[in-house]
Number of protein chains: 2
Amino acid sequence: MAQQIYIVGIGPGAEEMMTAQALSALDASDVIVGYPVYLELLGERFNGKEFLSTPMKQEVERCRMCFEEAKKGKTVSLICSGDAGVYGLASLMYELGVEYPDCEPVVIPGITAACSGAAVLGAPLNHDFCLISLSDLLTPWETIEKRLIAAAEGDFVIAIYNPASRQRPDHLKKACDILLTKLDKTRACGYVENIGRQGTAAYVCTLGELRETQVNMFTTVYIGNSLTEIIDGKLVTKRGYQI
Amino acid sequence: MAQQIYIVGIGPGAEEMMTAQALSALDASDVIVGYPVYLELLGERFNGKEFLSTPMKQEVERCRMCFEEAKKGKTVSLICSGDAGVYGLASLMYELGVEYPDCEPVVIPGITAACSGAAVLGAPLNHDFCLISLSDLLTPWETIEKRLIAAAEGDFVIAIYNPASRQRPDHLKKACDILLTKLDKTRACGYVENIGRQGTAAYVCTLGELRETQVNMFTTVYIGNSLTEIIDGKLVTKRGYQI
């Protein structure tokens, strides 16, 4: 039987926001592999486990490490923040998996930032929505631009991941300018910093105000659809119930 | 201080796929309100709690029930399957909340079907994606159609909720026909039945084959983007890593 490798979504980081299934997988593991920042989020419960990591941009090496450790007979978990299948390493594990027929990647879902952040803001994702990452490390900017326009034309709520980084501080402003060609500047928006970690902060604003806002890489941004409103300070997308 | 009402996403249903935060909220509650099918998913752990429900299409009454119980001084949780903020009752609770200034809705996120189903299929959502519900109970079909076209034009992966029901058995076929005006019939797709419950089953297929498939209301459907492939029976959307 193939040796299973768990690809575990740990949610925002706090143990109380992981599923019991995720915790069981980590408990059962000899080795936990992950990006250093995420390994640090794991609590005392996992003291004594072997922790392995690679730096940013060495995701292929990090995944190969999982297969190599599993081949030694160890039980291995690869952790990703949020959900391992949402901008995480699940797909890369399946791509590499063809080289390791004795190993079987198994994805254990977690709460992705779109959902954990939405809960802090209110209910912005309560109808059809899409997720768009503004990181152009692996995706051409033209593709990102095309998706922003399509999302606006489809009247989707939009959750934006990776709205900024040190290398691209102005991506959110560029994205807002694209959206403003289709949407009014009064469109209801919001953003959440440090979801589920120390210093969680949520803000609601208009699309015009969002354009002038400097966010950091630990921020998830929400652009409402035509039915989204700010109700008592919460960002709420109505579903259409008659009340 | 306002009386908090928990709006709890219970994930697919099994306790091991809830977060500790969700379980704590339910443990702390005197009353658990929900659609009868979801109340039945809760295990023995919650024996002794007061369970209240309303039938389908009485969601407004169900939410009002929460506020009325909270006003009596009881601790109340409203449960929703998946994530309470994704096609759940979170937004309706905020809408009604303005009538109950002494109560404060608090959303506790859960694993939405897009994520739990994706984990069973492999890694279909591993890049920008959108969620579209095919239910036209509260949304005009023209809006759904517009969103399907926008999603295809934006090269999003699409997760489809409510692909069918007894009243609308052919909605998935209609949706596929719309998508086939933009996408090739060989586009990689998949679907999962009864996610996280007894009888979980996952299938991969092409968009052309999906059009001919009769699904039921307990199915979540995935349409890949231009980078989605079927690898060893798993539906995998590549992120662009060079391996």
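Only a predicted model underlies this, so the values are computations on that prediction, with no experimental measurement involved.

A. Representation of the relation of the copies chain B and chain A. Relative to chain A, chain B is turned by 180 degrees and slid 0.0 Å along the rotation axis, the superposed coordinates differing by an RMSD of 0.0 Å. Such a turn and shift between the copies fits a two-fold axis. A symmetric contact is evident, with 100% of the interface residues of chain B recurring at the interface of chain A.

B. Just the sheet that holds strand β5 (residues 103-108) of chain B, in detail. Residues and elements named next belong to chain B. The strand order β3-β2-β4-β1-β5 describes an open sheet built from 5 strands, whose pairing is parallel. Edge positions in the open sheet fall to β3 (50-52) and β5, since each of these has one partner strand only. In this sheet, adjacent strand axes meet at a mean angle of 25 degrees when their direction is disregarded. Relative to β5, strand β1 (residues 3-9) runs parallel, the two being bridged by 6 bridges. If you follow Val8 over to β5, its bridge partner there is Ile108. Against the sheet, helix α1 (residues 20-27) makes contact with β1, β2 (31-33), β4 (76-80) and β5, and its axis sits at roughly 130 degrees relative to β1, the strand it touches most. Relative to the sheet, helix α4 (residues 90-97) contacts β1, β4 and β5, its axis offset from that of β5 by approximately 165 degrees.

C. Layout of the nonpolar core. Leu210(A), Ile223(A), Leu210(B) and Ile223(B) are the most contacted members of the largest nonpolar core, which has 54 residues in total. For Leu210(A), the contacting residues outside a window of four places in its chain are Leu172(A), Cys176(A), Cys189(A), Tyr191(A), Cys205(A), Val221(A) and Ile223(A). If you look at the next biggest cluster of nonpolar residues, it comprises 36 residues, including Phe129(A), Ala159(A), Leu235(A) and Leu121(B).

D. Region of interest: the packing of aromatic side chains. Residue and element names in this part refer to chain A. Inspection of the entire model under this criterion finds 8 aromatic pairs over all chains. Taken together, a centroid distance of 5.0 Å and an interplanar angle of 45 degrees make the contact between Tyr87 and Tyr161 tilted. Here Tyr87, found in the loop between β4 (76-80) and α4 (90-97), pairs with Tyr161, found in strand β8 (residues 157-161); they are 74 residues apart in sequence, far enough to count as distant. When the centroid spacing of 4.8 Å and the interplanar angle of 25 degrees are considered together, the rings of Tyr191 and Tyr203 count as stacked. Note that Tyr191 is positioned in strand β9 (residues 188-193) and Tyr203 in strand β10 (residues 201-206), a separation of 12 residues in sequence. Here Tyr203 falls in the partly exposed class, since its relative accessible area comes to 35%. The residue whose ring lies beneath Lys174 is Trp141, and the NZ or CZ to ring-centre distance is 4.4 Å.

E. Spatial organisation of the environment of Met65(A). Secondary-structure assignment places Met65(A) in helix α3 (residues 59-71). Note: C-alpha distance between Met65(A) and Leu78(A) (13 residues apart in sequence) is 9.5 Å.

F. Spatial organisation of the packing of helix α6 (residues 141-153) of chain A against helix α7 (residues 171-179) of chain A. All names here are of chain A. Remark: α6 packs on α7, axes separated minimally by 9 Å, with the N-to-C direction vectors making an angle of 45 degrees. Our classification of the angle between α6 and α7 gives oblique. Taken as a pair, α6 and α7 cross one another with a handedness that is right-handed. Facing Trp141, Glu145, Leu148, Ile149 and Ala152 of α6, the residues of α7 in contact are His171, Lys174, Ala175, Ile178 and Leu179.

G. View of the pattern of salt bridges. Enumeration according to the criterion identifies 25 salt bridges over all chains in this entry. Where Glu99(A) meets Arg64(A), a salt bridge forms, and the shortest distance between an N and an O atom there is 2.8 Å. Taken together, the residues Glu99(A) in the loop between α4 and β5 (103-108) and Arg64(A) in helix α3 connect sequence positions 35 residues apart. On the basis of relative accessible area, Glu99(A) is assigned to the partly exposed category, the value being 43%. Accessibility expressed as a relative area gives 25% for Arg64(A), which makes it partly exposed. With a closest N to O distance of 3.1 Å, Lys74(B) and Glu69(B) form a salt bridge. The exposure class of Lys74(B) is partly exposed, given its relative accessible area of 23%. Its relative accessible area of 8% is what places Glu69(B) among the buried residues. One network of salt bridges, with partners in common, ties together Glu50(A), Glu69(A), Lys72(A) and Lys74(A).

Cut-offs applied
Residue numbering note: each chain is counted from 1, following its sequence as written. Chains and ligands are labelled by the order in which they are written, letters from A for the one and numbers from 1 for the other. Where totals are concerned, whole chains, interfaces and linings use all residues; where local detail is concerned, this predicted model gives features only for residues with pLDDT of at least 70, and gives and counts side-chain atom pairs only at 80 or more. Only hydrogens and water are set aside when side-chain values are computed; all heavy atoms of the structure are taken into account. Residues below a pLDDT of 70 in either copy are left out; the C-alpha atoms of the rest, at least 70 in both, set the least-squares superposition of the copies. Contacts were defined at the residue level, with two residues in contact if any of their heavy atoms lie within 4.5 Å. Strand pairing is assigned whenever DSSP detects at least two bridges linking the two strands. Note on conventions: DSSP H or I runs of at least 4 residues are helices, E runs of at least 2 residues are strands, and numbering of each starts at the N terminus. Note on geometry: axes are lines fitted to C-alpha atoms, helical ones only across the stretch in contact, with angles between N-to-C directions running from 0 to 180 degrees. Residues enter a nonpolar core if they are buried and are Ala, Val, Leu, Ile, Met, Phe, Trp, Tyr or Cys, with the set joined through side-chain atoms within 4.5 Å. Throughout this description, buried means an accessible area under 20% of the type-specific maximum (1.4 Å probe, protein chains only), exposed means over 50%, and partly exposed covers the range between. Only centres within 6.5 Å qualify two rings of Phe, Tyr or Trp (six-membered ring in Trp) as a pair; their planes then separate them into stacked at under 30 degrees, edge-to-face at over 60, and tilted for everything else. Charge-over-ring contacts are defined here by two conditions on Lys NZ or Arg CZ: a distance within 6 Å of the ring centre and an angle within 35 degrees of the ring normal. Just so you know how the angles are binned, under 35 degrees is roughly parallel, over 145 roughly antiparallel, 65 to 115 roughly perpendicular, and the rest oblique. When the near helix sits turned anticlockwise from the far one by under a right angle, the crossing is termed left-handed; a clockwise turn instead gives a right-handed crossing. Salt bridge, as used here: a side-chain nitrogen of Lys or Arg that lies within 4 Å of a carboxyl oxygen of Asp or Glu.

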